[in-house]
Amino acid sequence: MTLWSGRFDTAPDPAAFDFGISFGFDRHLFEDDVTGSLAWADAIKGAGVLSDADHAAIVSALQAILEEGRRDPSFVQGPDEDVHSFVERQLVERVGDAGRRLHTGRSRNEQVSLDLRLYLRRRIPVLQQTLLTLIGTCVDQAEAAGSALMPSYTHLRRAQPVLVSHFYLAHASALRRDHARLAAASAEADALTLGSGAVAGTPYDVDTAALAKRLGFSRVVLNSIDASSDRDFVASFLYAVSLAMVHLSRMAEDFIIFTGEEHGFFELSDAAATGSSMMPQKKNPDPLELVRGKTGRAVGRLTGWLVTMKGLPSGYNKDLQEDKEAVFDAEATLTASLLAAHSVVSTLVTNSERSADAASGLLLATDVADYLVSRGMPFRRAHEVVGAMVRRLLLDGRDFGDMTLTEWREASDLFGDDAPKAATAESSVARKRTPQSTSPDAVRAAIAEYRGWMTGLGR
Ligand code: ARG
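Residues numbered from 1 in each chain as written. Predicted model: local features only at pLDDT ≥ 70, side-chain atom pairs only at ≥ 80, totals over all residues. Heavy atoms only, no water.

1. Thoughts on the overall build of the protein chain
Stage number 1. A count of helices and strands for the protein chain gives 20 helices and four strands.
Stage number 2. For 459 residues, the compact-globule formula gives about 23 Å, and the C-alpha radius of gyration of the protein chain, at 30 Å, lies well above that figure.
Stage number 3. Dimensions of the protein chain, computed from C-alpha atoms along their principal axes, come out at roughly 100 × 55 × 40 Å.
Stage number 4. Per-residue burial for the protein chain yields a buried fraction of 47% across its 459 residues.
Stage number 5. For the protein chain, the share of sequence-separated contacts (at least 6 apart) that also reach a separation of at least 24 residues comes to 77%.
Stage number 6. Charged side chains in the protein chain number 49 positive and 61 negative. The centres of these two groups are separated by 3 Å. (Helix = DSSP H or I, 4+ residues; strand = E, 2+ residues; numbered from the N terminus. Rg over C-alpha atoms; globule rule 2.2 N^0.38 Å. Buried < 20%, exposed > 50% of the residue type's maximum accessible area, 1.4 Å probe, protein only. Contact = heavy atoms within 4.5 Å. Lys, Arg positive; Asp, Glu negative; His and termini not counted. Charge placed at Lys NZ, Arg CZ, Asp CG, Glu CD.)

If you want it as structure tokens, here you go:
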């Protein structure tokens, strides 16, 4: 028995009907569906559709259904087409005709959009908390790294020395944008669809403003046709998740490289690594690789969803049912990836000797050039002079630290006795001046700013 069988002569062909069943996954919307129905019961009572007695019966039955589903998730199953049909069947089984009145003036088209909006507004803050845990770990690691140095890279070639703290905060900065992007997706879902009916609106006098307020929405959708086909908020959510996964994949890649034998800047905890079935020496960064790999899956969900939406005619179309598996899978993928990344990052140990070692040598060339600039030489000229020094040093297999004072003077008479001191990683970072730089003062201020931001969010 479906919600629509009255119009049909024959029972549906299972091959076609089963294909359309969504209860297997939209059961995740159970709570939201009941929440929406409780509010709708109030709204149509207010519109004079439900008597006080019917309203009371519906409300107490819906509350009992909600409680049972919360207590025992296995209650939320059956032969029903979808979660909306399930809740209505349960209701009618309990209160008969009163239950049959609840769907007056309402359509599953607006109901399913409402449910998904409620779901996202409930779940996005949970996702943000998980994200904040990882951001907090990056900040903790930044603090723990103290004055440890490492090279920064461009083109994956050594570029300039930075504090290890600065590197950790770089990843925190990207994740912080994801926090804001998730909030934006939640704000986009913040609109009440009820009152839209199947597509044209509802003939009952429901107070949509009061309904919106009651369900925690700050506004009502602008247009009923648009409301039945709009899933932009789903695309925005999938985009926010995809970009967060892209950031996690980059972080994973950095640590895969930097924990490897060739770099060795960080040591992976045994607890967050795996071994090889054949090669006894291996310590593999599987969790990081899997985070990187699952990014493809999240991006695929976004791409797939955009393709599903493309070219749909106005109003509800069954294609839209595909939104839910995309949302649930993206959410689960990001959550699991955040937890795995947290497990790895929170247990990393900096090998500051190795990382500082890699931050010395010819990557100080820009600092040497800046020294000449401080003595009055135009930068373009200084770049040439230091370029020639680098060429010479490379030929000899030496670096700035190996040069005698006479050699410095030969390169340019602007080099004073203090020139060799300028060519160290410590002085390179200490001489940075801007707030976004790797100067120890700026990094200390950045850590404090992160702490303040997180405290403001109740962490
Ligand atoms: N399961 C459907 C979905 O997820 C619910 C809406 C059904 N509406 C309809 N006109 N068949 O989209």
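2. Some words on helix α3 (residues 30–46)
Stage number 1. Here α3 contains 17 residues, and its C-alpha end-to-end distance of 25 Å stays within 8% of the 24 Å for a straight helix at 1.5 Å per residue.
Stage number 2. If you check which residues of α3 are buried, you get F30, D32, D33, V34, G36, S37, L38, A39, W40, A41, A43 and I44.
Stage number 3. Check the buried side of α3 and you find it contacts α2 (23–26), α4 (52–71), α5 (83–95), α7 (108–144) and α9 (208–214).
Stage number 4. G48 occupies a position one or two residues after α3 and carries a positive phi of about 85 degrees. (Expected span 1.5 Å × (residues − 1).)

3. Comments concerning the site of the ligand
Stage number 1. The local shell around the ligand consists of S22, D82, H84, R108, N109, V112, Y316, Q321 and K324.
Stage number 2. Between the ligand and the protein, one listed contact pairs a nitrogen atom with a side-chain N or O atom of S22 at 3.1 Å.
Stage number 3. Within the side chain of Q321, one N or O atom sits 2.7 Å away from a nitrogen atom of the ligand.
Stage number 4. For the ligand, whose accessible area on its own is 340 Å², the fraction buried by protein is 86%.
Stage number 5. A total of three residues in the shell around the ligand trace back to one element, the largest contributor, which is α7.
Stage number 6. Residue composition of the shell around the ligand, grouped by class: two nonpolar, four polar and three charged. (Near = heavy atom within 4 Å. Polar contact = N/O pair within 3.5 Å; in protein donor to acceptor, adjacent residues only side chain to side chain. Areas by Shrake-Rupley, 256 points an atom, 1.4 Å probe, with all protein chains shown as cover. Nonpolar A, V, L, I, M, F, W, Y, C, P; charged D, E, K, R; others polar.)

4. Considering the packing of aromatic side chains
Any two aromatic rings considered together are summarised by their centre-to-centre distance and by the angle between their planes.
Stage number 1. Summed over all chains, the structure comprises 19 aromatic pairs.
Stage number 2. Summarising the aromatic geometry, the rings of F167 and F255 are spaced 5.6 Å apart at their centres and angled 75 degrees between planes, so their arrangement reads as edge-to-face. Of this pair, F167 sits in helix α8 (residues 164–188) while F255 sits in helix α11 (residues 232–258); the two residues are 88 residues apart in sequence, bridging distant segments of the chain.
Stage number 3. For F167, a relative accessible area of 10% translates into the label buried.
Stage number 4. Residue F255 is classed as buried on the basis of its relative accessible area, which comes to 0%. (Phe/Tyr/Trp six-rings, centres within 6.5 Å; stacked < 30°, edge-to-face > 60°.)

5. Side note on the nonpolar core
Side chains of a nonpolar character, in soluble globular proteins, are inclined to be buried together.
Stage number 1. Among the nonpolar cores identified, the biggest contains 108 residues, and I135, F237 and F266 are the most heavily contacted of them.
Stage number 2. Broken down by element, this core gets its largest block of residues, 15 residues, from α11.
Stage number 3. Aside from chain neighbours lying at most four places away, what touches F237 is L120, I124, L127, L182, A185, V327 and E331.
Stage number 4. Counting 21 residues, the second-largest nonpolar core is a separate cluster that includes M377, V385, M389 and L393. (Core = buried A, V, L, I, M, F, W, Y, C linked by side-chain atoms within 4.5 Å.)

6. Considering the pairing of strand β1 (residues 149–154)
Stage number 1. As paired strands, β1 and strand β2 (residues 157–163) are joined by six bridges and run antiparallel to one another. Pairing of L149 across the sheet is with L163, part of β2.
Stage number 2. Linking β1 back to β2 in an antiparallel pair, the connection comprises two residues, with H155 at a positive phi of about 60 degrees. (Pairing = 2+ DSSP bridges.)

7. A word on the pattern of salt bridges
Stage number 1. Under the defined criterion, the tally for this structure stands at 34 salt bridges.
Stage number 2. For the salt bridge of E68 with R94, the shortest nitrogen-to-oxygen distance reads 3.6 Å. Of this pair, E68 sits in helix α4 while R94 sits in helix α5, and the two are 26 residues apart along the sequence.
Stage number 3. For the salt bridge of R176 with E449, the shortest nitrogen-to-oxygen distance reads 2.9 Å. Here the residue R176 occupies a position in helix α8, and E449 occupies one in helix α20 (residues 440–456), the gap between them amounting to 273 residues.
Stage number 4. Salt bridges sharing common partners tie together E31, D32, R70 and R122. (Salt bridge = Lys/Arg side-chain N within 4 Å of Asp/Glu carboxyl O.)

8. Some details on unusual backbone geometry
Stage number 1. Unlike most non-glycine residues, H155 shows phi in positive territory, near 60 degrees.
Stage number 2. Positionally, H155 belongs in the loop between β1 and β2.
Stage number 3. Classification of H155 as exposed rests on a relative accessible area of 74%.
Stage number 4. Look at L156: it is not a glycine, yet its phi comes out positive at around 55 degrees.
Stage number 5. Take L156: it is sitting in the loop between β1 and β2.

9. A closer look at the environment of A340
Stage number 1. Relative to the assigned elements, A340 resides in helix α13 (residues 323–346).
Stage number 2. In this structure the C-alpha to C-alpha distance between A340 and P287, which are 53 residues apart in sequence, comes to 6.2 Å.

10. Section: the packing of α3 against α4
Stage number 1. Remark: α3 packs on α4, axes separated minimally by 10 Å, with the N-to-C direction vectors making an angle of 170 degrees. One way to sum up the angle between α3 and α4 is to call them roughly antiparallel. Packed against α3, whose contacting residues are F30, E31, V34, S37, L38, A41, D42 and K45, the element α4 presents D52, H55, I58, V59, L62, Q63, I65, L66, G69 and R70 at the interface.
Stage number 2. Residues that form the contact of α3 with α4 fall into these classes: nine nonpolar, four polar and five charged. (Axes fitted to C-alpha atoms, helices over the stretch in contact; angles between N-to-C directions. Parallel < 35°, antiparallel > 145°, perpendicular 65-115°, else oblique.)

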